Amino acid sequence: MAPSKQTNESTALAVLSSFGITQPWHTPLLLPTSYDDFTSPLTKLQHVEQGVPCAVHVHAVEAPTRAGRGIPRVSFLVADAADHRWRVTLFGDDPATGADIVPGAELLMLVVGKEWRGDMGLICKELVDLKWLGKVRPQYPGRGPDRERTRSVVRSYLADNIPRATVYVTRHLEPIAQVPQLLAAVGCEGWSLEDVIRQTHQPRSLAYGTHARRAYLELAALGAIHRSQSSHDEQPADPLGLRTLGRRAAGFPGQFTDDQRAAVKGIAQELARPVAMRAVLAADVGTGKSWVAELLAAAAADAGGRTLIMAPTYPLAVQLAEEFQRIFPDIPCVLVADGHDDSQAAAATVVVGTSAVLSRELGEFALVVVDEQQRWSRAQREHYVTTRTHLLEMSATCIPRTQALIRFGKVSVFQMRQTHARKEIHTHLWEGSGAPMFRFIKEAIDAGRPIMVVYPKRESEEDGAKKKRKGKTKVAGQIDDRHSIETAYPRWDAMYPGRVRAMTGEDDNETKRAGIDDLKEGRAQILLTTTVVEVGISVPNLYDIVVVHPDRYGITTLHQLRGRVARNGGVGRCHLWCPEPMSAKTRERLEVVVSTTDGFELAEADLRIRGTGDLGAGSATQSGADETLLFGAPLTIDLIEDVAGIWDHFVTRAGGATAAA
């Protein structure tokens, strides 16, 4: 029985879902990443330049033969229009590789010229379907067969859905200016919006495709600016007058830095306004943002307001709750976490909790503080936030979406850079065996210093599978089993018996707490862990950390992990160890982390690398494409900055519709 239309559509949408597409009419808004030009492929092979990819149109002289030794490959002769013959090599261990190539067959190929023993040959990167001859082929996100699958689905949906997509995009752009005016501003005067969208997918030439794609990106950036400006309106709320800040600050065990005092003062001024505060405390690692949160919660309690402090991990929640209870024993504070009695939480003035708070009924809060905002989704961060609730989000490296909103002035931001103790952290990037790194680590252990080693996974089986993969080939991109805590622990324990502990996010809360306490109090010297220690964990005597496979983590996570060392000042070391060769793109990203310990610079770099996400108030897309007018391509801050002049022309100077909105 033939599959139904509904089944086919379901399968097609499953292919596109990884790009955020949920409806067929979203498909025209999935932009190609690049184009392959087959309009004029080379027909004379002497024009092939060594090392330069190009398209060629030739015919096969012979059927491929498979090499008997070495890298799996087939080779065959081709002839060009002048009957010049070149040998082509096509790599692949699939027995069917090259099976369709027969003498006389017409071939369209993407190749790279390579000299071998004085003769030029061709490395075939792809055998291209002849239907693309004379055309420009769009390349969509993905790899290998996924790209062709995506291209096929997009092509099947375009004709029916470009008109609807055009209407949708027009509705989002019209509040800025008339669409013909916007098209002229992005270099498409005389085009229709439908022309632009169609040319991105079915360009009449490479120049048309490239131009249309850039124009649409600029239109999407203008739409993003509009959403950021028009959907973050202030909402009325009861002001919180924090009159006891000075008295409550005196109860802390140390002096506040100038940055902490300035942040508290600025946030207090925002809370005193009769509108709901939406603010970010961008506090670099080790600058004491927990003190700011605790002081605000205490003063809010004196003013009659309840406060919720959300912590992403159990150890951090315990640390915050115990510190608050120790400093302010007169204020009812309840810890909400699995395994704790939180029956009185709904009546408590201050609640500190893990994600367990999301499954409780805790009542209303005047102030919600979200620690380490990058660890929560937007829905989680705003679970207890109403239009009348004040919201303070805290992070050492803000997520790209928040960083972009800060740039547009739609979120109040307070920064803290000063630490209580002078510290210096050296970051090293190692590749391969890591032998020099292990000498550093041995010296630290022999000197009696504790170390923390962060592994990318807990168990020796990928995804925690229970059966061993003995004798099986390692899958590309899979982490070697040696770099799991389960496999690494016996090796470490054999070298340093009794001095090693292990901790992961899957352990119960008591195990997590015991691992940290043993390291703090000297009962252990080496802690093997996953990224459960990423945020807030303070081990005062920790000065050395190793991150295994840092290529698996983002800039924010690496900076947070590095922030676990030298908490009380001094010189710390962070070792980033890639056991396997890195790609140029990965090395570039990790070198950013090596180059600076400034969380603000890293947040800006993360924004530029990952994209802004959707800047609308109701969005849950925190990086990458905006998924409103654009799918599959990041909406970069550079792009937004490039269209700032267009935005200024239509809205600021011209007094457009958005200015009045």
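Because the structure is a prediction, the values reported are computed rather than measured. (Residues numbered from 1 in each chain as written. Predicted model: local features only at pLDDT ≥ 70, side-chain atom pairs only at ≥ 80, totals over all residues. Heavy atoms only, no water.)

1. Some remarks on the overall build of the chain
The number of helices and strands found in the chain is 20 helices and 21 strands. When burial is assessed residue by residue, the chain has 52% of its 661 residues classed as buried. As presented, the chain carries roughly 29900 Å² of accessible surface, and 49% of it is formed by carbon and sulfur atoms. (Helix = DSSP H or I, 4+ residues; strand = E, 2+ residues; numbered from the N terminus. Buried < 20%, exposed > 50% of the residue type's maximum accessible area, 1.4 Å probe, protein only. Areas by Shrake-Rupley, 256 points an atom, 1.4 Å probe, with all protein chains shown as cover.)

2. A closer look at the sheet that holds strand S14 (residues 390–395)
In a beta sheet, neighbouring strands are held together by backbone hydrogen bonds and run either parallel or antiparallel to one another. A sheet is described by the order of its strands in space; here 7 strands give the open sequence S11-S12-S10-S13-S14-S9-S15, paired in parallel fashion. Strands with a single pairing partner mark the edges of an open sheet, and in this sheet they are strand S11 (333–336) and strand S15 (412–416). For this sheet the average axis-to-axis angle between neighbouring strands, irrespective of direction, equals 15 degrees. Across the sheet, helix H9 (residues 314–327) is in contact with strand S10 (307–310), S11, strand S12 (350–353) and strand S13 (367–371); its angle to S11 comes to roughly 170 degrees. (Pairing = 2+ DSSP bridges. Axes fitted to C-alpha atoms, helices over the stretch in contact; angles between N-to-C directions. Contact = heavy atoms within 4.5 Å.)

3. Description of the side chain of aspartate 544
Mapped onto the elements of the fold, aspartate 544 is located in strand S20 (residues 544–548). Owing to a relative accessible area of 2%, aspartate 544 belongs among the buried residues under this scheme. Among the polar contacts made by the side chain of aspartate 544, one reaches the side chain of arginine 449 at a distance of 3.0 Å. Excluding residues within four positions of it along the chain, aspartate 544 makes contact with Ala444, Arg449, Pro450, Ile451, Met452, Val565 and Arg573. (Polar contact = N/O pair within 3.5 Å; in protein donor to acceptor, adjacent residues only side chain to side chain.)

4. Topic: the confidence of the model for the chain
In this model, the chain carries an average pLDDT of 83, and 85% of its residues clear a pLDDT of 70 or more. Taken together, the stretch residues 1–7 has pLDDT below 50 and engages in 1 contact with residues farther than four places along the chain or on a different chain. Throughout residues 656–661 the model reports pLDDT below 50, and contacts reaching past four residues in sequence, or to other chains, amount to 11 contacts. (pLDDT = per-residue confidence, 0-100.)

5. Section: helix H13 (residues 485–495)
The complete set of buried residues in H13 reads Ile485, Ala488 and Trp492. An end-on view of H13 places all buried positions within 65 degrees of arc, on one side of the element. On its buried face, H13 sits against helix H12 (435–446), strand S17 (451–454), strand S18 (500–503) and strand S19 (526–529). (Arc of directions from axis to C-beta.)

6. Structural notes on the sheet that holds S20
Spatial strand order, S16-S21-S20-S17-S19-S18: 6 strands in an open sheet with parallel pairing. Each edge of the open sheet is held by one strand with a lone partner, namely strand S16 (423–431) and S18. Recorded for the sheet is a direction-independent mean angle of 15 degrees between the axes of neighbouring strands. With 5 bridges connecting them, S20 and strand S21 (residues 570–578) associate as parallel partners. Bridge pairing in S21 links aspartate 544 to arginine 573. Seen against the sheet, helix H16 (residues 584–595) touches S16 and S21 and runs at an angle of roughly 160 degrees to S16.

7. Things to note about the packing of aromatic side chains
Under the defined criterion, the tally for this structure stands at 11 aromatic pairs. Relative to tryptophan 291, the ring of phenylalanine 256 lies with its centre 5.4 Å away and its plane at 45 degrees, an arrangement referred to as tilted. Residue phenylalanine 256 is found in the loop between helix H6 (245–249) and helix H7 (258–271), and its partner tryptophan 291 is found in helix H8 (residues 289–302); the two are separated by 35 residues along the sequence. The exposure class assigned to tryptophan 291 is buried, which follows from its relative accessible area of 12%. Residues phenylalanine 365 and tyrosine 384 carry aromatic rings whose centres are separated by 5.6 Å and whose planes lie at 90 degrees to one another, so their mutual orientation is edge-to-face. In this pair, phenylalanine 365 is assigned in the loop between S12 and S13 and tyrosine 384 in the loop between helix H10 (378–381) and S14, connecting sequence segments 19 residues apart. Taken together, the aromatic side chains of Phe252, Phe256, Trp291, Phe324 and Phe328 make up a single cluster linked through ring pairs. (Phe/Tyr/Trp six-rings, centres within 6.5 Å; stacked < 30°, edge-to-face > 60°.)

8. A closer look at unusual backbone geometry
Positive phi outside glycine occurs at aspartate 83, with the angle close to 65 degrees. Mapped onto the secondary structure, aspartate 83 falls in the loop between strand S4 (73–79) and strand S5 (85–91). At histidine 549, a position not held by glycine, the phi torsion is positive, near 60 degrees. Assignment of secondary structure puts histidine 549 in the loop between S20 and helix H15 (555–562). Note on histidine 549: relative accessible area 3%, which makes it buried.

9. Some points on the environment of aspartate 598
Residue placement: aspartate 598 occurs in the loop between H16 and helix H17 (599–610). As a C-alpha pair, aspartate 598 and aspartate 284 span 314 residues in sequence and 7.2 Å in three-dimensional space.

10. Concerning the pairing of strand S2 (residues 53–60)
S2 sits mainly inside the fold: 6 of its 8 residues count as buried. Here 7 bridges tie S2 to strand S6 (residues 106–116), and the two strands are oriented antiparallel to one another. Looking at the pairing, histidine 59 lines up with glutamate 106 of S6.

11. Thoughts on helix H14 (residues 509–520)
For H14, which comprises 12 residues, the first-to-last C-alpha distance of 17 Å matches the rise-based estimate of 16 Å (1.5 Å per residue) to within 8%. Looking only at H14, the buried set comprises Asn509, Lys512, Gly515, Ile516, Asp518 and Leu519. Next to the buried residues of H14 lie H9, S17, S18 and S19. (Expected span 1.5 Å × (residues − 1).)

12. Details of the pairing of S13
Counting buried residues along S13, 5 of its 5 residues qualify, which places the element largely inside the surrounding structure. The two faces of S13 match: Leu367, Val369 and Asp371 on one face and Val368 and Val370 on the other face are all buried. Pairing between S10 and S13: 4 bridges, direction parallel. Residue leucine 308 lies in a different strand from S13, and its bridge partner there is valine 368.

13. Looking at the pattern of salt bridges
Pairing is possible between side chains that carry opposite charge, provided their charged atoms lie close to one another. The final tally for this structure, using the stated rule, is 24 salt bridges. Here aspartate 446 makes a salt bridge to lysine 442, at a shortest N to O gap of 2.8 Å. Of the two residues, aspartate 446 and lysine 442 are both situated in helix H12; the distance of 4 residues between them amounts to about one turn of the helix. Classification of aspartate 446 as exposed rests on a relative accessible area of 52%. One connected set of salt bridges, linked through shared partners, spans Arg247, Arg248, Asp302 and Asp330. (Salt bridge = Lys/Arg side-chain N within 4 Å of Asp/Glu carboxyl O.)

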